[in-house]
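Structural characterization, general
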Amino acid sequence: MAVLVALGAFLMTLAGGWTAQRVTDRRHLVLGLAGGLMLGVVGLDLLPEALEAADGELFGVPTALLLFVAGFLLAHLVERLLAARRAAHGADERARAPEVGLTAAAAMVGHSAMDGVAIGAAFQVGGGMGAAVAVAVVAHDFADGFNTFTLTTLYGNARRRAHAMLFADAVAPIAGAASTLLFAIPEQVLGAYLGFFGGALLYLAAAEILPEAHHEHPAGPTLLCTVAGAGFIWLVVGIAE
């Protein structure tokens with residue numbers, strides 16, 4: 001049952017990516033929506049889960065929060081290093097490095113795999129729990145597909161690469177759900193991953209996607225898309241609870 005539900009997540013991920021690439025004439029609205037979705041995913045989904053799973057502390061600070069900050073800083077460091085390397089080779093330092101987009105998309109794939117694991121684990125607890133988590137994950141994976149395609153293309157990658165990452169993101173929940181038939185991921189490891197990934201994702205949303213969305217475009221409609229994206233994730237999280 002968990003794998004069958006993950007097939008629904010597969011289809012929703014592809015639908016999200018298809019939607020992102022079909023509205024290129026309203027790119028600023030797409031980016032505004034993607035920024036809101038990413039903000040909602042980090043603040044309302046990833047970080048609470050990370051804090052619950054990785055419940056240890058280091059010098060009085062929750063481990064998940066330390067990893068959250070570490071992920072944010074590492075994303076910033078990697079982007080700056082790639083920009084400096086491009087500048088050293090005569091390229092515009094302000095140009096976006098395609099490697100950043102691919103790395104971010106790969107992180108989204110990892111997150112989608114964890115979604116599949118969540119489906120499998122929930123069905124091991126019981127059918128009711130599995131159904132509730134499945135509804136949330138399937139709706140959530142529409143946003144994952146949307147963000148995966150948007151992130152990959154935003155950083156200058158070819159559409160074929162974006163399609164490849166989108167397909168990988170769509171397959172990931174199935175692989176994650178299937179893996180629960182073989183083994184269980186330690187909760188501490190899962191919490192650490194979610195905290196670290198959340199920090200990196202927040203950096204991309206706040207420092208890259210949202211500024212680009214509001215660059216030389218009317219702020220009102222774009223802001224509404226951002227709020228709608230965050231609100232959608234809130235709704236999905238509420239359904240899961």
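Let me sum up the structure you'll find in this document.

How each quantity is defined
- Residues numbered from 1 in each chain as written.
- Predicted model: local features only at pLDDT ≥ 70, side-chain atom pairs only at ≥ 80, totals over all residues.
- Heavy atoms only, no water.
- Helix = DSSP H or I, 4+ residues; strand = E, 2+ residues; numbered from the N terminus.
- Contact = heavy atoms within 4.5 Å.
- Patch = residues over 30% accessible without salt bridge, like charges linked within 9 Å, V, L, I, M, F, W, Y side chains within 5 Å.
- Areas by Shrake-Rupley, 256 points an atom, 1.4 Å probe, with all protein chains shown as cover.
- Salt bridge = Lys/Arg side-chain N within 4 Å of Asp/Glu carboxyl O.
- Lys, Arg positive; Asp, Glu negative; His and termini not counted.
- Charge placed at Lys NZ, Arg CZ, Asp CG, Glu CD.
- Core = buried A, V, L, I, M, F, W, Y, C linked by side-chain atoms within 4.5 Å.
- Buried < 20%, exposed > 50% of the residue type's maximum accessible area, 1.4 Å probe, protein only.

**Examining the environment of Leu66**
On the secondary structure map, Leu66 appears in helix α3 (residues 63-88). Setting aside its immediate chain neighbours within four residues, Leu66 contacts Leu58 and Val61.

**Quick notes on a negative patch on the surface**
Side chains of Glu49, Glu52, Asp55 and Glu187 sit close together on the surface and give a patch of like negative charge. Note that Glu52 resides in helix α2 (residues 27-53).

**Some words on the nonpolar core**
By size, the foremost hydrophobic cluster in this structure holds 35 residues, and its most contacted members are Met38, Leu46, Leu151, Leu201 and Leu204. Of all the elements, α2 adds the most residues to this core, at 10 residues. Sequence-distant contacts of Leu204, that is, excluding residues within four places in its chain, are made with Met38, Val100, Ala104, Leu151, Tyr155 and Ile209. Listed in part, the seven residues of the second largest apolar core include Ala113, Met114, Met165 and Ala172.

The quantities given are spatial measurements derived from coordinates; they are silent on function.
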